Structures are given as C-alpha cells and as structure tokens.
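# A look at the structure
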Amino acid sequence: MIKAVISGTGLYTPPATISNDELVEAFNAFVELHNAQHAEAIARGEMEALQPSSSAFIEKASGIKSRHVVDREGILDPERMCPSIPERSNDEPSVQCDMSVAACKEALEQAGKTAADVDAVIVACSNMQRPYPAISVEVQQALGIDGFAYDMNVACSSATFGLQAAVNAVENGTARAVLVVNPEICSGHLNFRDRDSHFIFGDACTAILVERDSDVAEGKGFDILGTRLKTKFSNNIRNNFGFLNRGDESGIGQLDKLFVQQGRKVFKEVSPMVAETIQGHLESLSMSPSDLARLWLHQANLNMNQLIARRVLGRDATVEEAPVILDEYANTSSAGSVIAFHKHSGDLESGALGVICSFGAGYSIGSVIVRRR
Ligand code: COA
C-alpha cells in the first residue's frame, strides 16, 4: 500500500517588515486626519471620533510584534492605508506565482527532487488574485511540471485541506508527488483602518512536497499518519468580496468586502472545537495527546494557541512543544502552521509524533498527524 510522506518544505518571506510601532504610528495619524476632517460632525454627535491604537495592546492581545508584507509604503501612508501592489500585465508572472515558485523551489531542494518528480500542484490559500486561469496552473508552468494543478480555498485551513487532497492523490496513485502551496497576501484583504483588527495579518508563502513513501529515502521527512477535516458554518469570520460584488480599492464604504470578524466569539467557539478535533483524531489512530512531541498550530493569536495546546495536553505547553512564529510573522492565514512546521521540525528524533493543525473561517479545522521517519 502506498503511504504519503512530507519530504520537503519551503518558505518565502517578503523582505519588507512593519513593526507594531510603525503600524500604530500610521494608524494614529490616519485617526487624527479622520477626526479633524469630521470634527464638526463629531462635535454635533452625528459621528463617533475614532480611537487610537496601541502597540502594548496589540502585543498583549495577540503576541504579534511585527509582520512581513509585500508592500509597506501603501499600508503606512495614513491617506491610503492599504498595500500598493501594481497590477501586472498578462505576460508577467503574478505576484502569487512568484511567491509560490520561491517556496516550491526550497521544498524541492530540501527533498532532493526536481520538477520532473512532481505530477501535481495545489495552490491552497485564503485569496486568489484572480479566478482563472488558476494560479496553480501558472505555478506548474513556471516550475516546468508535466501534470495537473488546481486552486482551492478554505481560508486559514487551506494548507491542511490541501494536504489531505495531496495525500489522497498520492495514496490513490493519481500523482507520484504533489506540491501544496500557500501564497498568502493577507495584507490585501485586511482593513488597516479598523482598530480592532488592523494588526492581525502578515504575508508569506509556504510549500510542502508530498511524495509516496517508496520514493523517499529512509530517515528523511515525515510519514503522514492521518488527516482529519471539520467544517461548521459561521459568519463570525467573513469577507464578502467576490465577482458579484467587487469592493473598491480602499474598502471605504464597503467594509464587508475586506476581512471582518467577531474576534471574541471566534476565540470562544473555535478553541474547544480545535482541541476536540485533535483529541478525536489522535484517538482514532489509537494515540493519546501525551504521545505528541510537537503541535504546529495555526498562528492566529498567542492566547488562543496557548489555550488550545493546554486543552489538548491537559497542561501548559512549552514553546518547544507548541512553537510560535506569530511574533515575527503575525497571522499568515493558512501559511502559519506550515511556517511553524518548516522552522521547528528539523530537531525531532526519528519516531517523534506531531500534529499540524489549522483553524479559521468557515469555520474550518484541519488536523494532520505526522511521524518523523
Ligand atoms: N489598540 C488599543 N486598544 C484596542 C485596540 C487597539 N488596536 N483594539 C481594541 N482595543 C480595546 C477595545 O476597545 C477594548 O476596550 P474596552 O475594554 O474599553 O471596551 C479592549 O481593547 C479589549 O478589546 P477586545 O476586542 O475585547 O480584545 P480581545 O482581548 O478579545 O482581543 C482579538 C481581540 C481579536 C485579538 C481576540 O479576540 C482574538 O484573537 N480572537 C480570535 C481571532 C482569530 O483568531 N481570528 C481568526 C482569524 S483567521
């Protein structure tokens, strides 16, 4: 029987960064401009004055200290407050294609494989920069892969849902190897004028190569022991942007065309669902939480991650057990758990067990249990 293995991972990190202080300075300048512009309406009580943001709040509420972004200048311009990413011509590679190719090349290199060894590409992320042709087909062409490709979107859970699709393809024999890629440009759907959420997201792209076990050298990579997915409808994380109702560039006046959430409800409702999903998944494989050497959790919010790890393990997790990359990257949607895996899995000994787990809009939850070969 064919079994699927993670043989390599890759990460593209945009070079530009924005610290909390820089983000807050731009936000507060925007607030001052806005309040001055609407001073009369505010004085008449027809409009509420906007409140300033604070770095101390951001770090305490989320664990985020900084984020990488595709474009800094547009986000930090108080009169703009959204990234400035020029449209490219049809003859140029798309931004998501460029990010994907960089991450995929690293994953292939780590696995010691080339495009000739791969049969499929799945681009799985929260937002595609166009509906078609699929970004994945463009990535396939840029890498020189002979096979098939498709895009899929399950918000922050896109990577784990993509992994399950890759495992199925490899184990069913429809592909020898599949690249799962997560080019997340979260700054493009974040409302940088919203005090409650302007600090949440960052940009990054991850890639995972999934191969059949017989093609991977012994002692290399991670056996995928099982995947479990769960969805349950909720409006608490929502983005209404779509081809039937296009938002304007800045999102002003059409705020529901950007990321909107009821953060507290999300925290309260999703955390127990995630812990139950991981526990149920372990149980179905005759394993217990104490067998886990590592939890590579979706990086949404530090307090949420700590709570989930505590619920799963029945005690606080150490930072070695549940690594955090939020401080540097913020929430990078589906890429987050894969960044944690990419950066914090090389030290595990043969036989060590871990779970890659995502959660987010939908609601959606994905659990992938792996064992170091
Ligand atoms: N700067 C300063 N103060 C701020 C602020 C900011 N940027 N944003 C909010 N506040 C204030 C609020 O006005 C509130 O003040 P009050 O107590 O006087 O009313 C206070 O800080 C607490 O706000 P609250 O929204 O309750 O904060 P929180 O501790 O619940 O944290 C989140 C907010 C969003 C970070 C948190 O709920 C969360 O992480 N939820 C899950 C989000 C998530 O993972 N989403 C998934 C996306 S994929």
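Since the structure is predicted, the reported quantities are computational estimates derived from the model, not experimental observations. (Residues numbered from 1 in each chain as written. Predicted model: local features only at pLDDT ≥ 70, side-chain atom pairs only at ≥ 80, totals over all residues. Heavy atoms only, no water.)

Attention now goes to the packing of aromatic side chains. In the structure shown here, the tally under the stated rule is seven aromatic pairs. Aromatic side chains Phe-57 and Phe-199 sit 6.1 Å apart centroid to centroid with 80° between the ring planes, which places their arrangement in the edge-to-face category. Placement of the pair is Phe-57 in helix H3 (residues 55-62) and Phe-199 in the loop between strand S6 (177-185) and strand S7 (203-212), with a sequence separation of 142 residues. Taking the relative accessible area as the measure of exposure, Phe-199 reaches 6% and is therefore buried. Here Phe-222 and Phe-341 contribute two aromatic rings whose centre-to-centre distance is 4.9 Å and whose plane-to-plane angle is 65°, an arrangement assigned as edge-to-face. On the criterion of sequence distance, the pair formed by Phe-222 in strand S8 (residues 222-231) and Phe-341 in helix H11 (residues 335-343) is long-range, its members being 119 residues apart. When sorted by exposure, Phe-222 lands in the same class as Phe-341, which is buried. Taken together, the ring pairs connect Phe-222, Trp-296 and Phe-341 into an aromatic cluster. (Phe/Tyr/Trp six-rings, centres within 6.5 Å; stacked < 30°, edge-to-face > 60°. Helix = DSSP H or I, 4+ residues; strand = E, 2+ residues; numbered from the N terminus. Buried < 20%, exposed > 50% of the residue type's maximum accessible area, 1.4 Å probe, protein only.)

On to the site of the ligand, then. Taken together, 18 residues form the shell around the ligand, and within it Ser-53, Arg-195, Gln-261, Arg-264 and Asn-301 come nearest. In this structure, Gln-261 approaches the ligand through a side-chain N or O atom, which is 2.7 Å from a nitrogen atom. Measuring from a nitrogen atom of the ligand, one finds a backbone N or O atom of Gly-263 at 2.9 Å. In the complex, the protein chains occlude 70% of the 980 Å² of accessible area that the ligand would expose alone. If you list the elements that add at least two residues to the shell around the ligand, you get H3 and helix H8 (263-284). Residue contributions to the shell around the ligand peak at four residues, all from H8. (Near = heavy atom within 4 Å. Polar contact = N/O pair within 3.5 Å; in protein donor to acceptor, adjacent residues only side chain to side chain. Areas by Shrake-Rupley, 256 points an atom, 1.4 Å probe, with all protein chains shown as cover.)

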